[in-house]
Amino acid sequence: MSEATPLISFVLERHASGRLLLTDSQGRQHAGVVPVRAFPIAAPGEGISLVSSEGHELAWLERLDNLPPALRSLLEEELALRDFVPEITALKSVSSFGTPSTWRVDTDRGETSFVLKGEEDIRRLSRQSLLIAAGHGVHFSVKDMGALDRASRRLLERFL
């Protein structure tokens, strides 16, 4: 059973500056609106907050898949830019088994390196998946440790 399309009390569009512009039901315009997922990993299509440039919530959207196609497409495009989380497919090298250490990895977006500041920056999401916070603010995921090659698993296990 599908849910009814929600009543949308605002207009959201991309401004000429490239930023999102929200016009609320009273006709007030808010430039620089940012969509934020409430549960980016567990439920990426549910619970989206539209936040002003000052950090105030302007609107709450229960589900992306219930939105009109044009609005859903605009939000998905913006969220994709915000939620850049490359998936690690192989660990090539680690500078040391203490932290901070520099990791050289292959990802689904190509080869890169990053600094792991501390072991607490590796967070288990499930038995097989991890989220790794790099020193420069980008997060990397390991969706299935069992799918990594043996050498990569060994390097990773030294930090778990």
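Calculation rules
Residues numbered from 1 in each chain as written. Predicted model: local features only at pLDDT ≥ 70, side-chain atom pairs only at ≥ 80, totals over all residues. Heavy atoms only, no water. Salt bridge = Lys/Arg side-chain N within 4 Å of Asp/Glu carboxyl O. Helix = DSSP H or I, 4+ residues; strand = E, 2+ residues; numbered from the N terminus. Buried < 20%, exposed > 50% of the residue type's maximum accessible area, 1.4 Å probe, protein only. Expected span 1.5 Å × (residues − 1). Arc of directions from axis to C-beta. Contact = heavy atoms within 4.5 Å.

Another point: the pattern of salt bridges. In total, this model carries 8 salt bridges according to the counting rule given. A salt bridge links K92 to D106; the nearest nitrogen and oxygen atoms lie 3.2 Å apart. Taken together, the positions of K92 in strand β6 (residues 88-94) and D106 in strand β7 (residues 101-107) put the pair 14 residues apart, joining distant regions of the chain. Classification of D106 by relative accessible area gives buried; the value is 19%. With its nearest N and O atoms 2.8 Å apart, the salt bridge here joins E111 to R104. Classification of E111 as exposed rests on a relative accessible area of 53%.

What follows is about helix α1 (residues 69-82). The periodicity of an α-helix, 3.6 residues per turn, causes residues three or four places apart in sequence to face the same way. In this model, α1 (14 residues) spans 20 Å end to end at C-alpha, consistent with the 20 Å of a helix rising 1.5 Å per residue. When α1 is considered as a whole, its buried residues turn out to be L71, L74, L75, E78 and L79. Relative to the axis of α1, the buried residues are bounded by an arc of 130 degrees and lie together on one face. Structural note: α1 exposes P69, A70 and L81 on the side pointing more than 90 degrees away from its buried face. Buried-residue contacts for α1 involve β1 (11-14), β2 (20-23), β3 (29-37), β4 (46-51) and β5 (57-63).

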